[in-house]
Amino acid sequence: MNTTSLNKSILHQKKQELDFLHHFHGLGYDLIDLSAIEKFDWTTLSSDDLGLMTERHKWQHEGALYALRSDWTNAIVRYRQKYQLHSETIAYSGPIYTLTTEKHQYGLETFTGDVNKQMAVLKQMVNYIKDTLTLPLSVAVISHNTLLKNLLSETELNDALTRKYIQERNRDALKAKLGEEHPIIDLMAQPAAEQANYVKTNMPHLKRHIEEMNHWEKILIEEKVSYVYGDMLALPSQSYYKGISIQLYAEDQVEPIASGGQYSSPSNAFGIGLNI
Amino acid sequence: MITIALSKGRQLKDFINYLEEKELTDWSSALNAISRELVVELPDVRFLLVKGEDVPVYVEEGVADLGITGSDVLFEQDRQINNLMDLPFGYCHFAVAAKAPQDTYPVVATKYVNFTKNYFDSIMQPVKIIQLKGSVELAATIDMADAIMDIVQTGTTLKENGLYEQIQLDEINARLISNKHAYFAKNDEIQTIMNQLRMN
């Protein structure tokens, strides 16, 4: 990249970030900015905190543990556990760091259990991607983070190997571990596009979860997302993800352009972040 | 367009034979015709010919949507990929091999450090692991290690170096893997390929 195009690219990125914040501030969102360095107390680390630590840059200084922000929603959850935030909807932008990458994330959060208000946030994000970023959305994946809780025993759900096989969609290994008769084995044999229907037909006790997923699916279909899949095998990365989770893919892109979902800490909420 | 990363060498030959068996002749003819090319393009698919150990890297990074590699490679690498299904070739197994049986094997040479550590942890025996990149048999032959942990197909190489299989461990075969996001983003195409490659 020559100097001129590099300058243009940097200016474009900065402008895009500012445009995002202006756009959603204009729609009534309050803006929030948090430090990219987060401080933890060794004695009050939660299992969620510990779970994320393997993916974060962290260091110790004067008895406290510090880590670089790796996920905006997690940072906001921790902020809200400590301080009062009076806004119902917020927008943010800033870097997130994994052990090997730095990304810029723009996102929205709404702190309400009202599903219609949560859906309105999703719609606004989808419209922003389509209309302002002019990126057509080709695929959306919707999952329900409590679905597997109803298919697996607590022991199975907490077993590291079982979780790994589910996350890897490794049906052969899971069959050897849980047995051919286990309901998840038949479910995994179905093509991804047909798994939701299979659950609806064969697992009536999970009907409520599928209906919830269908409700969200409808919005994305209305917003002209070409393919909407239901993922029946989602395992939440954090314990506070207890509801719907959504990933949106732009045309010809392998990484999701946006991902988010419902969570429940310290109160019911919904968030969605754009990965630029 | 789907991109598939394949292991070069013996596994590629096995894959071509399997394609012929499944009458996927467009793919098998194109792969049979290669000499030193690393990329093979067909109208609906692009093959990347890479080292077996690198297949999961290409898939995890999203450069390839699908990959075919041995389960030994997947055992050793903790990659964020979908490990979708068995393919009926590349059969062999992990084994501990030594000159003679011993009650314990305190020093083990191997390419497969994680697998070896997990195995000795599972039998609650401490082990010193010496990581080698190749010619692993030599380490036990010249007594640098009490045993080696390696993959064994026929056992000929072991015998030629005065070693014998002492403990037979996990079976290995080829696996179809996918990028986590491509699995959904290109689900139609991936599902078609899975159906075509599925064992009867």
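Residues numbered from 1 in each chain as written. Chains lettered and ligands numbered in written order. Predicted model: local features only at pLDDT ≥ 70, side-chain atom pairs only at ≥ 80, totals over all residues.

### Remarks on the nonpolar core
Stage number 1. Ranked by size, the top nonpolar core spans 83 residues in total, and within it Met 125, Ala 140 and Ile 142 of chain A together with Val 59 and Leu 66 of chain B carry the most contacts.
Stage number 2. If you look at the next biggest cluster of nonpolar residues, it comprises 22 residues, including Val 96, Ala 98, Ala 140 and Leu 163 of chain B. (Core = buried A, V, L, I, M, F, W, Y, C linked by C-beta atoms within 7 Å. Buried ≥ 20, exposed ≤ 12 C-beta atoms within 10 Å, placed from the backbone.)

### Some details on helix α1 (residues 10-21) of chain B
Given 3.6 residues to a turn, an α-helix orients residues that are three or four positions apart in the same direction.
Stage number 1. The terminal C-alpha atoms of α1 of chain B, which comprises 12 residues, lie 17 Å apart, in line with the 16 Å expected from a rise of 1.5 Å per residue.
Stage number 2. Just beyond α1 of chain B, the residue with positive phi is Glu 23 of chain B, at close to 60°. (Helix = DSSP H or I, 4+ residues; strand = E, 2+ residues; numbered from the N terminus. Expected span 1.5 Å × (residues − 1).)

### Comments concerning unusual backbone geometry
Residues and elements named next belong to chain A.
Stage number 1. For the bond running from Ser 265 to Pro 266, omega is -5°, close enough to zero to count as cis.
Stage number 2. With respect to the helices and strands, Pro 266 occurs in the loop between β10 (258-263) and β11 (269-275).
Stage number 3. With a phi angle near 50°, Thr 134 is a residue other than glycine that sits in the positive phi range.
Stage number 4. Looking at the secondary structure, you find Thr 134 in the loop between α4 (115-132) and β7 (137-144).
Stage number 5. The exposed category is assigned to Thr 134, around which 7 C-beta atoms lie within 10 Å.
Stage number 6. Of note in this structure, Arg 169 is not a glycine but carries a positive phi near 55°.
Stage number 7. Considering the arrangement of structural elements, one finds Arg 169 in the loop between α6 (160-167) and α7 (171-178).

### Details of the domain arrangement of chain B
Residues and elements named next belong to chain B.
Stage number 1. Under the domain assignment, chain B is made up of domain 1 (2-91 + 172-197) and domain 2 (92-170).
Stage number 2. One C-alpha centre belongs to domain 1, the other to domain 2; they are set 29 Å apart.
Stage number 3. With five residues of domain 1 in contact, the opposing surface of domain 2 contributes eight residues.
Stage number 4. For the side of domain 1 that touches domain 2, the element with the highest residue contribution is helix α4 (residues 71-76), accounting for three residues.
Stage number 5. Here the residues of the side of domain 1 that touches domain 2 sort into three nonpolar, no polar and two charged. (Domains from an automatic or database assignment. Contact = placed C-beta atoms within 7 Å. Nonpolar A, V, L, I, M, F, W, Y, C, P; charged D, E, K, R; others polar.)

### Things to note about the interface of chain A and chain B
Stage number 1. Tallying the contact residues gives 14 residues for chain A and 14 residues for chain B.
Stage number 2. When its residues are assigned to classes, the side of chain A that touches chain B shows nine nonpolar, one polar and four charged.

### What to know about the pairing of strand β7 (residues 128-131) of chain B
Moving residue by residue along a regular strand, the side chains alternate between the two faces of the sheet.
All names here are of chain B.
Stage number 1. Of the pairings in the sheet, the one linking strand β6 (residues 107-110) to β7 comprises four bridges and is parallel in character. Paired with Val 107 across the two strands is Lys 128, which belongs to β7.
Stage number 2. Following the backbone out of β6, through helix α5 (residues 113-122) and into the adjacent parallel β7, one traces a crossover that is right-handed. (Pairing = 2+ DSSP bridges. Right-handed = clockwise from strand over helix to strand, strands pointing away.)

### Structural notes on the packing of helix α9 (residues 195-202) of chain A against helix α10 (residues 207-222) of chain A
All names here are of chain A.
Stage number 1. Contact geometry for α9 and α10: axes closest at 9 Å, N-to-C directions at 145°. Two packed elements cross with a definite hand, and for α9 against α10 that hand is left-handed. Two secondary-structure elements touch here, α9 through Ala 196, Val 199 and Lys 200 and α10 through Lys 207, Ile 210 and Met 213.
Stage number 2. Of the residues belonging to the contact of α9 with α10, the class tally is four nonpolar, no polar and two charged. (Axes fitted to C-alpha atoms, helices over the stretch in contact; angles between N-to-C directions. Left-handed = near helix turned anticlockwise from the far one by under 90°.)

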